[in-house]
Amino acid sequence: MAEAERIDGKAVAARIIETVKSGTAALKETAGTVPGLAVVIIGEDPASQVYVGSKAKTAKDCGFTSIKHELRAETSEETLLKVVRDLNADPQVHGILVQLPLPGHIDEAKVIQTIDPDKDVDGFHLINVGRLSTGDTAAAFVPCTPAGSMLLIREVLGDDLSGKNAVIVGRSNIVGKPMAQLLLAANATVTIAHSRTKDLAAVCRGADILVAAVGRPEMLTGDYVKDGAVVIDVGINRIDAPEKGLKEDGTPKTRLVGDVNYEEAAAKAAAITPVPGGVGPMTIAMLMANTLRSACRAAGITPPKF
Ligand code: GUN
């Protein structure tokens, strides 16, 4: 087979951001509404700080009001719940995102269920989970990573996946399960596989669409990929890259890899997302799209189609 098409998530994400910017300008013009996104972070985890900083910056670039609440790691659950309730009540806030994971003393489920479902731009509230699983994709906020992955699949295969076998590796509430619902809504035949699946490679080789969301660096080798498959790699793993030399502290430099062995999979697939530059940029773009949708809904205006 010829080398696979490299699906350019950065380019697709940039297009979505442009649509968000023009939709935001139109919403300001017609309704005088400025979309507002509030991100809440607890503690000093460096990776979470980077994610949240980049969400807040992109929100500003889109023309949103961007609010960032940075709380100390020792913040009590009650204090966090009050922050969430205040954001629920603030009419200038259309999207609320509480960065996960939360410190161990806080009940994550309780915090998520306290977010107003109509401001739940992460799509984690049970109301949105229910809307998505009953096929009400118009009303649901869909979690950003699977929503972005689905857009990349549509770029390659179009909107109707009738007759296609999709295999998702990973059964998380944030990626695997909502991904399955989206693929099902697009008429694919869906299998969710995971670490306890028997002969995982053989199951994956049945996939016309293979979505990897396991969090294990380069676990899916060429042996997992059917000729001509579309491969979506959701994983972002940092591994040592001694070939790049040493950092100042004497430890090896690192690089990012996905859950798929790119070279091996690309030799068989028809199309594949790289890491970085595939699903990653789509996640933030979809968060902006969800926030604009929420602001449009609040103003009674039809949002752009993404
Ligand atoms: N932590 C890692 N990914 C996410 C995400 O998509 N949303 C939130 N809220 N926290 C995360």
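Residues numbered from 1 in each chain as written. Predicted model: local features only at pLDDT ≥ 70, side-chain atom pairs only at ≥ 80, totals over all residues. Heavy atoms only, no water.

Our next topic: the site of the ligand. Surrounding the ligand, one finds Leu97, Val98, Gln99, Leu100, Asp122 and Phe124. Contacts to the ligand include Leu100, whose backbone N or O atom sits 2.9 Å from a nitrogen atom. Within the complex, the protein chains bury 78% of what would otherwise be the 280 Å² of accessible surface of the ligand. Residue composition of the shell around the ligand, by class: four nonpolar, one polar and one charged. (Near = heavy atom within 4 Å. Polar contact = N/O pair within 3.5 Å; in protein donor to acceptor, adjacent residues only side chain to side chain. Areas by Shrake-Rupley, 256 points an atom, 1.4 Å probe, with all protein chains shown as cover. Nonpolar A, V, L, I, M, F, W, Y, C, P; charged D, E, K, R; others polar.)

Below, the discussion takes up the pattern of salt bridges. Going through the model one piece at a time under the given rule, you end up with 12 salt bridges. Salt-bridge contacts for Arg72 lead to Glu74; the nearest nitrogen and oxygen are separated by 3.1 Å. With relative accessibility at 58%, the residue Arg72 sits in the exposed group. (Salt bridge = Lys/Arg side-chain N within 4 Å of Asp/Glu carboxyl O. Buried < 20%, exposed > 50% of the residue type's maximum accessible area, 1.4 Å probe, protein only.)

All right, on to unusual backbone geometry then. Note the cis peptide between Leu100 and Pro101, where omega equals 0 degrees. Examined against the element boundaries, Pro101 turns out to sit in the loop between strand S4 (95-98) and helix H4 (108-114). The omega torsion of the bond from Val275 to Pro276 falls at -5 degrees, within 30 degrees of zero and hence cis. Within the secondary structure, Pro276 is located in the loop between strand S11 (271-272) and helix H10 (279-299). Positive phi outside glycine occurs at Asn187, with the angle close to 80 degrees. Here Asn187 lies in the loop between helix H7 (176-185) and strand S6 (189-193). For Asn187, a relative accessible area of 44% translates into the label partly exposed. You will see that Asp199, though not glycine, has its phi angle at about 50 degrees, which is positive. Looking at the element boundaries, Asp199 is found in the loop between S6 and helix H8 (200-204). (Helix = DSSP H or I, 4+ residues; strand = E, 2+ residues; numbered from the N terminus.)

Here we come to the packing of aromatic side chains. Applying the stated criterion across every chain, the model contains zero aromatic pairs. Sitting over the ring of Phe141, Arg297 keeps its end group 4.7 Å from the ring centre. (Phe/Tyr/Trp six-rings, centres within 6.5 Å; stacked < 30°, edge-to-face > 60°. Lys NZ or Arg CZ within 6 Å of the ring centre and 35° of its normal.)

For the pair helix H1 (residues 9-31) and helix H6 (residues 144-157), interaxial distance at closest approach is 11 Å and the crossing angle is 105 degrees. Taken as axis vectors, H1 and H6 run roughly perpendicular relative to one another. Here H1 contributes Gly9, Val12, Arg15 and Ile16 to the contact with H6, which in turn contributes Leu151, Leu152 and Glu155. By residue class, the composition of the contact of H1 with H6 is four nonpolar, one polar and two charged. (Axes fitted to C-alpha atoms, helices over the stretch in contact; angles between N-to-C directions. Parallel < 35°, antiparallel > 145°, perpendicular 65-115°, else oblique. Contact = heavy atoms within 4.5 Å.)

Bringing the sheet that holds S4 into the picture now. Read from one edge to the other, the open sheet built from three strands follows the order S3-S2-S4, with strand pairing classed as parallel. Both edges of this open sheet fall to strand S3 (65-71) and S4, since each of them pairs with a single strand only. This sheet shows a mean twist of 15 degrees between the axes of neighbouring strands, independent of strand direction. Pairing of strand S2 (residues 36-42) with S3, which is carried by seven bridges, proceeds in the parallel orientation. If you follow Gly36 over to S3, its bridge partner there is Thr65. Sitting on the sheet, H10 touches S2 and S4, and the angle it makes with S2 is about 130 degrees. (Pairing = 2+ DSSP bridges.)

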